[in-house]
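Chain and residue survey
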Amino acid sequence: MASAPGPTVTPYAGFDKDADTVALRKAMKGLGTDEKAIIDVLAARSNAQRQELILQFKTAYGRDLISDLKSELSGHFEDAILALMSPPDLYDAKCLKKAMKGLGTDESAIIEVLCTRNNKQIHMIRDRYKKEFKHDLEKDLKDETSGNFKRILIGISQGGRDEGPADASRAAADAQTLYKAGEGKLGTDESEFQRILVAKSAAHLRLVFDEYEKVSKKSIEKAIKSEMSGDLENAYLTIVGFFRNPVEFYADLLQKAMVGVGTDEDRLIRVIVSRSEWDLELIKSTYMHKYKRTLVDAVKSEVSGDFRKLLIALIK
């Protein structure tokens, strides 16, 4: 597999699982916890290396590393460390379960996870969700959402999007279909939007977005904002934004998590952890270019303590 573009976390060249497990055990043994030692090890290891540490820790000490971390840590720092320790499909499954647990539903978290994953990832998430929670993801989505928003989530959760190349001969026709289903008529035919935006490949959709501007004289984003609202609008804008430019999409998500009153720590964790081994280096550069300050400075101004130290270690 080719290396990912722009990760901030890569496999540690001098990886020594025995030395790391000794350091982690020492950090949590006895009175008090050495949070710096935990950050120094876990933020500088890849997810695959962290999985090796879980096994080595149990082999060496007969103790569960995750359980020990849970007992020693708290708050958003604990949440971020546990996110780092989960394989990506398990972390996504946990995010979805958390978004649908208890009173209320965190629709934005569901959208952020499902609308940005490829078919293979979605199938892995579905399988992991079933194994971990003894629930069917599709059934839970049906129970927690409704209407056209429910239909788009059910569609995406099938993991059946075309992943082939763009079909230039169809792009103009698809753009025309979207126009006629939205701006070109009274009311909106959401089923046509789903048929194209949920089922067609990313490469094809990028062509469709370009063709749409020729038909409408406005962007597909502006059309969606004028034709839809609420969670449905958010879902379609996420698909368009992610497929058009994933790096800028995540830079914008990070800004949304930090702008205004309060901070969305869960979103900060989701984006920084999930992109750290993929393209966080590129996201940092885009964030700086677009928002005129470094991502590190932005995070420093929003969070504190060991949570801040961990996020900065992952960003750097």
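The structure contained in this document is the topic of the report that follows. The structure presented is a predicted model; accordingly, all values stated were derived computationally and were not measured.

Looking now at helix α16 (residues 246–258). Residues lying three or four places apart along an α-helix face the same way, a consequence of the helix completing one turn every 3.6 residues. Between its first and last C-alpha, α16 extends 19 Å over 13 residues, near the 18 Å set by a 1.5 Å rise per residue. Of all 13 residues making up α16, 10 are buried, and the element is well covered by its neighbours. Taken as a whole, α16 has its buried residues at Val 247, Phe 249, Tyr 250, Ala 251, Asp 252, Leu 253, Leu 254, Gln 255, Ala 257 and Met 258. Where α16 is buried, its residues touch α7 (107–114), α15 (230–244), α17 (265–275), α18 (280–291) and α19 (295–302). Where α16 terminates, the next one or two residues include Gly 260, which has phi positive at roughly 80°.

Core analysis: the biggest nonpolar cluster contains 94 residues, and Ile 81, Ile 152 and Tyr 236 have the highest contact counts within it. Counting residues per element, this core draws most heavily on α16, which supplies eight residues. Sequence-distant contacts of Ile 81, that is, excluding residues within four places in its chain, are made with Ile 38, Leu 42, Leu 69, Leu 73 and Leu 310.

Only a minority of non-glycine residues have a phi that is not negative, and only a minority of peptide bonds are not trans. For Lys 134, which is not glycine, the phi torsion reads 55° and is therefore positive. Counting through the fold element by element, Lys 134 comes out in the loop between α8 (119–133) and α9 (137–144). In this structure, Lys 217 takes a positive phi of about 70° despite not being glycine. For Lys 217, the position within the fold is in the loop between α13 (202–216) and α14 (220–227).

Under the counting rule described, the total for this entry stands at 24 salt bridges. When the shortest N-O distance is used, the salt bridge between Arg 117 and Asp 92 registers 2.8 Å. Here Arg 117, found in the loop between α7 and α8, pairs with Asp 92, found in helix α6 (residues 88–99); they are 25 residues apart in sequence, far enough to count as distant. By the burial criterion, Arg 117 is buried, and Asp 92 matches it. Glu 211 is the partner of Lys 214 in a salt bridge, and the nearest nitrogen-oxygen pair spans 3.3 Å.

The next subject is the packing of aromatic side chains. Enumeration according to the criterion identifies nine aromatic pairs in this entry. Ring geometry for Tyr 287 and Tyr 291: centres 5.0 Å apart, planes at 45°, overall tilted. Taken together, the residues span about one helical turn, with Tyr 287 and Tyr 291 both in helix α18 at a distance of four residues. On the accessibility criterion, Tyr 287 (0% relative accessible area) is buried. Members of the aromatic cluster, connected to one another through ring pairs, are Phe 242, Phe 243, Phe 249 and Tyr 250. Over the aromatic face of Tyr 61 sits the side chain of Arg 25, whose NZ or CZ is 6.0 Å from the ring centroid. Against the face of Tyr 12 rests Arg 45, its NZ or CZ located 3.9 Å from the ring centre.

With that settled, consider the layout of surface pockets. In this model, the second largest pocket occupies a volume close to 620 Å³. In terms of residue count, the dominant contributor to the lining of the second largest pocket is α6 (seven residues).

Looking now at the packing of helix α4 (residues 65–72) against helix α5 (residues 75–85). Packing of α4 against α5 leaves a shortest axis separation of 10 Å and a crossing angle of 170°. Judged by the inter-axis angle, α4 sits roughly antiparallel to α5. On the side of α4, the interface is formed by Leu 65, Ile 66, Leu 69 and Lys 70, while α5 contributes Glu 78, Ile 81, Leu 82 and Met 85. Across the contact of α4 with α5, the residue classes tally to six nonpolar, no polar and two charged.

This part takes up the environment of Arg 308. If you trace the backbone, Arg 308 turns up in helix α20 (residues 305–315). Sequence separation of Arg 308 and Phe 77 is 231 residues, and the distance between their C-alpha atoms is 8.1 Å.

Its place among the elements puts His 76 in helix α5. Each C-alpha atom, one on His 76 and one on Pro 11, is 25 Å from the other, the two residues being 65 residues apart in sequence.

It is worth spelling out the side chain of Ser 86 at this point. The topology assignment puts Ser 86 in the loop between α5 and α6. Taking relative accessible area as the criterion, Ser 86 reaches 5% and is therefore assigned buried. Within the local environment of Ser 86, its side chain forms a polar contact with the side chain of Lys 94, the two groups lying 3.4 Å apart. In contact with Ser 86, other than residues within four places in its own chain, are Asn 47, Gln 51, Tyr 91 and Lys 94.

So, on to the packing of α5 against α17. Where α5 contacts α17, the axes come no closer than 10 Å and their chain directions differ by 25°. The angle between the axes of α5 and α17 places the two elements in the roughly parallel class. Crossing of α5 over α17 shows right-handed handedness. Between α5, through His 76, Asp 79, Ala 80, Ala 83 and Leu 84, and α17, the contact on the second element is made entirely by Glu 265, Ile 269 and Val 273. Counted by class, the contact of α5 with α17 contains five nonpolar, one polar and two charged residues.

Each value, and the rule that gives it
- Residues numbered from 1 in each chain as written.
- Predicted model: local features only at pLDDT ≥ 70, side-chain atom pairs only at ≥ 80, totals over all residues.
- Heavy atoms only, no water.
- Helix = DSSP H or I, 4+ residues; strand = E, 2+ residues; numbered from the N terminus.
- Expected span 1.5 Å × (residues − 1).
- Buried < 20%, exposed > 50% of the residue type's maximum accessible area, 1.4 Å probe, protein only.
- Contact = heavy atoms within 4.5 Å.
- Core = buried A, V, L, I, M, F, W, Y, C linked by side-chain atoms within 4.5 Å.
- Salt bridge = Lys/Arg side-chain N within 4 Å of Asp/Glu carboxyl O.
- Phe/Tyr/Trp six-rings, centres within 6.5 Å; stacked < 30°, edge-to-face > 60°.
- Lys NZ or Arg CZ within 6 Å of the ring centre and 35° of its normal.
- 1 Å grid on protein atoms, 1.4 Å probe; cavity = no way out; pocket = protein on both sides within 12 Å on 5 of 7 lines; lining within 4 Å.
- Points joined across faces, edges and corners; volume = space filled by probe spheres on them.
- Axes fitted to C-alpha atoms, helices over the stretch in contact; angles between N-to-C directions.
- Parallel < 35°, antiparallel > 145°, perpendicular 65-115°, else oblique.
- Nonpolar A, V, L, I, M, F, W, Y, C, P; charged D, E, K, R; others polar.
- Polar contact = N/O pair within 3.5 Å; in protein donor to acceptor, adjacent residues only side chain to side chain.
- Left-handed = near helix turned anticlockwise from the far one by under 90°.

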